[in-house]
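# A look at the structure
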Amino acid sequence: MTAPFDLNDDQVVVIIGTGAGGGVLANELAQKGVHVVALEAGGRHLPQDYINDEWDSFGQLAWLDARTTSGDWRVAKDFSGLPAWIVKAVGGTTTHWAGASLRFQDHEWKAATTYGPVQGANLLDWPIDPAEMAPYYDKAEDKLGVTRTGGRDGLPGNNNYKVFEAGAKALGYKQVHTGRMAINSADGDRVACKQTGFCFQGCKWGAKWSSAYTDIPQGEATGNLEVRDRAHVLKIEHDDSGRVTGVLYADADGNQHLQKARVVCVAGNSIESPRLLLNSASNMFPDGLANSSGQVGRNYMRHMTGSVYAMFDKPVKMWRGTTMAGIIQDESRHDPSRGFVGGYELETLALGLPFMAAFLDPGGWGREFTTALEGYENMAGMWIVGEDMPQETNRITLNHDVKDQYGLPAPNVHFDDHPNDVAMRNHAYGQGMAVYEAVGATRVFPTPPYPSTHNLGTNRMSENPRDGVVNKWGQTHDIANLFVSDGSQFTTGAAENPTLTIVALAIRQADHIAAELGRGTL
Amino acid sequence: MLEERQKLTRRTLLSRGVAAGAAFIVGTGFVTGRDAAWAMELEHLQPTTMATLIQMARDIYPHDHVADAFYAAAVKGYDDAERAPIIETGIAGLDAAAQGAGFASYLATGWERDRVDLLRAMEDSAFFQTVRGGLVTGLYNQKAVWPLFGYEGESYSKGGYIDRGFDDITWV
């Protein structure tokens, strides 16, 4: 049952975005009896709608509103209008994610202390203790049904994993397995994985966790959550006391509405969330909402990424089965003797032929390129994901020369690699290629990063209001009833895929908001 | 593209055309493969321009096991009123470069190596990048091309690979 709340109901919590952060927060609050209106810019697509076709699915799900890029990252050259590969739909990027669900390592909550000063990096410790997060990680793993946690079995290894594992073991790696995945290895509330592939295109079986068909309908069933899809938030409004009072949004027909609110939670991913705060500038807040620190939009992180593909003299058929169920964790440790701080994970990855043509060597042509694709059936692949350094100059700004469909300035995404990112990527390329060469690769491809899927840090969490945008609860330092609920809160990025941590933070934030509402302090 | 059942028509076209390079026959309003395996009627582009564009497409992404018909399909969309002038200008430039290198035209070069040299010299141009970028989807997103690379496409309707070989390799 869907709860209809009035536009003038000023007691509701308004959540902007319905992905890993917003979708989970909406359900968790609804379960506690809090009235929630969730506004989602995209439409509602469910497993029966998802498409086993890379470009068709991209057209169905991807966020394709106007964006621009700058900086020395190759994405700015190869995909200048597409800095990120994220989703505009109910469920957000949880429709697209691969399901890798890893906890931060304890030391990664305290990167500044652990790593010490790194020139050009704006490192800071999270204002959260790893012990404080442990019970929320337990809850998040149970919610997502993460394999290899809570007594759940791992997924079986597919062909791509078998090659990866054999190479890893030949190299002496010890922490090698089919991952901790939010993809069922046995039938439960969701069915077991059918090894279909196309995890990135939305799981048609619903075997992978996505808020679109778990938390969102669960929240709606309470009668306390109303999700309005194709409701694109344009601006957050505030009163003379500086408290936020509601949000202005455009519906599917472009008609604008003002939804009043007692609390507003921003969860539009790390490009749109800071953009919305900046686009909500007013006479009282001329630099944007919650931006007294000047940190809104800064410290944009995207993880140090890259891929390694390799060709063999025999078929692999890497596209068969789970896209990312395979991991080597030995390199995720902090060990500066390798020439960089922080660490990285190596995870199996497969692309279909159409995306391989687009991403293997963007801009590449001629026989060097085409002989690679002709070996597609004999290819194995892995993705590199490591901690990148937060830099103040890597940031989301408003591009006043480019407007979106509502006439608002588009976001520009500026990113330059930090020398630590480059050193870590080169190390990871070396190790990734060695993994495959150990099992007889005839040719290897150290492949550049794709448009970002892990977008982090642009409204970062800090102990001191001077250093960041939100406190340890995701509450903005400047405005008590304005929260940030997505990966833009991340103080630092750690080496792990971020979704599990976003979910754990959302569960924790729901506890806090419900308690504060109960006390009458919000 | 003309359908298979129209092969007789293609044979008729062949008799009405002239050779363009080694692979193509062009005539008024059409270009066809010399083997008559495919044919394309044109409304906006000069037939020789289209033949050159198809050769250029193959030289950018050469796959010897992929027939010309797939390259022709990948660039057929340029035969429209809006884009044809850009293509005519670009191909004229390519032919001029070929003539500067001592060939009668781009299509008149014998070796792929010579054509690739001409393309390398213009690879930063908007024309080249438009054609190359369009081919990434125009060629590789043709479902009929996928089996030529071993790619199996969608699998949901077949129940995924859980019972169809997701872990069937034995060589590792």
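Residues numbered from 1 in each chain as written. Chains lettered and ligands numbered in written order. Predicted model: local features only at pLDDT ≥ 70, side-chain atom pairs only at ≥ 80, totals over all residues. Heavy atoms only, no water.

### Considerations on the overall build of chain A
Counting its secondary structure elements, chain A contains 12 helices and 17 strands. In terms of overall size, chain A behaves like a compact globule, its C-alpha atoms giving a radius of gyration of 22 Å where 522 residues would be expected to give roughly 24 Å. Here the C-alpha coordinates of chain A stretch approximately 70 × 50 × 45 Å along the principal axes. Out of the 522 residues belonging to chain A, those deemed buried represent 67%. In chain A, the share of contacts with a sequence separation of at least 24, taken over all contacts with a separation of at least 6, comes to 75%. As presented, chain A carries roughly 16,200 Å² of accessible surface, and 48% of it is formed by carbon and sulfur atoms. (Helix = DSSP H or I, 4+ residues; strand = E, 2+ residues; numbered from the N terminus. Rg over C-alpha atoms; globule rule 2.2 N^0.38 Å. Buried < 20%, exposed > 50% of the residue type's maximum accessible area, 1.4 Å probe, protein only. Contact = heavy atoms within 4.5 Å. Areas by Shrake-Rupley, 256 points an atom, 1.4 Å probe, with all protein chains shown as cover.)

### Description of the interface of chain A and chain B
Counting residues at the interface gives 43 residues for chain A and 40 residues for chain B. Surface buried jointly by chain A and chain B totals about 3,700 Å² across both partners, of which 63% is contributed by carbon and sulfur atoms. A per-residue breakdown of the area chain A buries against chain B is headed by Arg 320, Trp 365 and Arg 367 of chain A, which together make up 22% of the total. On the surface where chain A and chain B come into contact, there are 5 salt bridges. We note a salt bridge from Arg 367 of chain A to Glu 112 of chain B, for which the minimum N-O separation is 2.6 Å. Counting the contacts that link chain A with chain B gives 26 residue pairs in polar contact (both at pLDDT 80 or more). (Buried area = accessible area lost by both parts, 1.4 Å probe. Salt bridge = Lys/Arg side-chain N within 4 Å of Asp/Glu carboxyl O. Polar contact = N/O pair within 3.5 Å; in protein donor to acceptor, adjacent residues only side chain to side chain.)

### As for the sheet that holds strand E3 (residues 30-33) of chain B
Residue and element names in this part refer to chain B. Strand order in the open sheet formed by 4 strands is E1-E2-E3-E4, with antiparallel pairing between adjacent strands. In this open sheet, the two edge strands, each paired with only one partner strand, are strand E1 (18-20) and strand E4 (39-41). Mean inter-strand twist for the sheet, computed between neighbouring axes without regard to direction, equals 25°. With 3 bridges joining them, E3 and E4 adopt antiparallel strand pairing. Opposite Thr 32, over in E4, you have Ala 39 as the bridge partner. Where helix H2 (residues 47-60) meets the sheet, it contacts E1, strand E2 (24-27), E3 and E4, and its direction lies at approximately 160° from that of E2. (Pairing = 2+ DSSP bridges. Axes fitted to C-alpha atoms, helices over the stretch in contact; angles between N-to-C directions.)

### Remarks on the sheet that holds strand E6 (residues 232-238) of chain A
All names here are of chain A. Spatially, the 3 strands line up as an open sheet ordered E6-E7-E8, and their pairing is antiparallel. Each edge of the open sheet carries a strand with a single partner, namely E6 and strand E8 (256-260). Between one strand and the next, the sheet's axes are offset by a mean angle of 25°, whatever the strand orientation. By the bridge criterion, 5 bridges tie strand E7 (residues 244-250) to E8 in an arrangement that is antiparallel. Paired with Tyr 249 across the strands is His 257, a residue of E8.

### With respect to helix H8 (residues 269-279) of chain A
Residues and elements named next belong to chain A. Among the 11 residues that make up H8, 11 are buried, leaving the element largely enclosed by the rest of the structure. Among the residues of H8, Asn 269, Ser 270, Ile 271, Glu 272, Ser 273, Pro 274, Arg 275, Leu 276, Leu 277, Leu 278 and Asn 279 are the ones counted as buried. Structurally, H8 contributes buried residues whose contacts are with strand E1 (13-16), E6, strand E9 (263-266), strand E14 (395-403), strand E15 (409-414) and strand E17 (482-484).

### Structural notes on the pairing of strand E10 (residues 304-311) of chain A
All names here are of chain A. Burial analysis of E10 places 8 of its 8 residues in the buried class, the great majority of the element. What you see with E10 is no split at all: Met 304, Gly 306, Val 308 and Ala 310 on one side and Thr 305, Ser 307, Tyr 309 and Met 311 on the other are buried throughout. Looking at chain direction, E10 and strand E13 (residues 379-386) are connected through 8 bridges and run antiparallel. The residue bridging Ser 307 from the neighbouring strand is Trp 383, located in E13. Here E10 runs beside strand E16 (residues 443-447); their pairing, made up of 5 bridges, is antiparallel. Across the sheet, residue Ser 307 finds its bridge partner in E16, namely Thr 447.

### As for the packing of aromatic side chains
Residue and element names in this part refer to chain A. Counting across every chain of the model gives 33 aromatic pairs over all chains. With a centroid separation of 4.7 Å and an interplanar angle of 75°, the aromatic rings of Trp 55 and Phe 355 are classed as edge-to-face. You can see Trp 55 sitting in helix H2 (residues 54-61) and its partner Phe 355 sitting in helix H9 (residues 353-359), a full 300 residues away along the chain. The exposure class assigned to Trp 55 is partly exposed, which follows from its relative accessible area of 23%. Its relative accessible area of 1% is what places Phe 355 among the buried residues. The rings of Trp 55, Phe 58, Phe 79, Trp 85, Phe 200, Phe 355, Phe 359 and Tyr 450 are connected pair by pair, giving a single aromatic cluster. Over the ring of Trp 63 we find Lys 88, and its NZ or CZ is 4.8 Å from the ring centre. A cation over an aromatic ring shows up here: Arg 302 above the ring of Phe 415, its NZ or CZ 5.8 Å from the ring centre. (Phe/Tyr/Trp six-rings, centres within 6.5 Å; stacked < 30°, edge-to-face > 60°. Lys NZ or Arg CZ within 6 Å of the ring centre and 35° of its normal.)

These values are about where atoms sit, not about what they do.
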